[in-house]
Amino acid sequence: MRVAHRDYERTEPHSEEWLLIEWPKGESEPAKYWLSTLPAATKLKDLVKMAKHRWIIERDYEELKQEVGLGHYEGRGWRGFHHHATLCIAAYGFLIAERNRFSPSAHVGNVGLCAPEPRPNYRPRGSPDPSRTT
């Protein structure tokens, strides 16, 4: 399929594109449409995966804005925004890495981590020194 938007102004027509249509069973009309410029040798399964991946990216962007503060920048310069965005993305990357450490089915309080044993001569801070007992 070729998109024909203003081809009359071009010396060559637009390159061919995929038209992917999501049409759920039992529905009278399609639910979604996508145009893609992936190569013609792309498998249908890979094409669908890439089209659906857009929603993951949008969800991540919403989390960046709402949870990490990407949308809170109120400065005026590109440099300040770049610094702010870099820190937000780094924080989000850390949070995603931490989130992926645990199985989604892990129960609260039972995530499979164990605390190391204390040293034999360990004394908690602020506790009395046993060698100075009276």
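All of the points below concern the structure found in this document. (Residues numbered from 1 in each chain as written. Predicted model: local features only at pLDDT ≥ 70, side-chain atom pairs only at ≥ 80, totals over all residues. Heavy atoms only, no water.)

Once that is clear, we can look at the pattern of salt bridges. All chains considered together, the criterion is met by six salt bridges. Between Arg54 and Glu58 there is a salt bridge, with the nearest N and O atoms lying 3.0 Å from each other. Of this pair, Arg54 and Glu58 are both found in helix H1 (residues 44-68), four residues apart, which corresponds to roughly one turn of the helix. Between Lys65 and Glu62 there is a salt bridge, and its shortest N-O distance comes to 3.7 Å. Linking Lys65 with Glu62, this pair stays in helix H1, spanning three residues, or about one helical turn. The class for Glu62 is partly exposed, based on a relative accessible area of 34%. (Salt bridge = Lys/Arg side-chain N within 4 Å of Asp/Glu carboxyl O. Helix = DSSP H or I, 4+ residues; strand = E, 2+ residues; numbered from the N terminus. Buried < 20%, exposed > 50% of the residue type's maximum accessible area, 1.4 Å probe, protein only.)

Side chains of Leu19, Ile21, Trp23, Tyr33 and Leu35 sit close together on the surface and give an oily, nonpolar patch of about 540 Å² of accessible area. Elements represented by at least two residues in the nonpolar patch include exactly strand E1 (18-22) and strand E2 (32-36). (Patch = residues over 30% accessible without salt bridge, like charges linked within 9 Å, V, L, I, M, F, W, Y side chains within 5 Å. Areas by Shrake-Rupley, 256 points an atom, 1.4 Å probe, with all protein chains shown as cover.)

What follows covers helix H2 (residues 78-99). It helps to recall that an α-helix has 3.6 residues per turn; residues three or four apart then point in one direction. Counted at 1.5 Å a residue, the expected span for H2 with its 22 residues is 32 Å, and the 31 Å between its end C-alpha atoms agrees. Along H2, the positions that sit buried rather than exposed are Ala85, Cys88 and Tyr92. Each buried residue of H2 lies within a common arc of 65 degrees when the element is viewed along its axis, so the set occupies one face. Opposite the buried face of H2, at more than 90 degrees from it, the exposed residues are Arg79, Leu87 and Phe94. Those residues of H2 hidden inside the fold are in contact with H1. (Expected span 1.5 Å × (residues − 1). Arc of directions from axis to C-beta. Contact = heavy atoms within 4.5 Å.)

Using the criterion set out here, one finds two aromatic pairs in the structure. Judged by centre distance (5.9 Å) and plane angle (45 degrees), the ring pair of Trp78 and Phe81 falls under tilted. Of the two residues, Trp78 and Phe81 are both situated in helix H2; the distance of three residues between them amounts to about one turn of the helix. Members of the aromatic cluster, connected to one another through ring pairs, are Tyr73, Trp78 and Phe81. (Phe/Tyr/Trp six-rings, centres within 6.5 Å; stacked < 30°, edge-to-face > 60°.)

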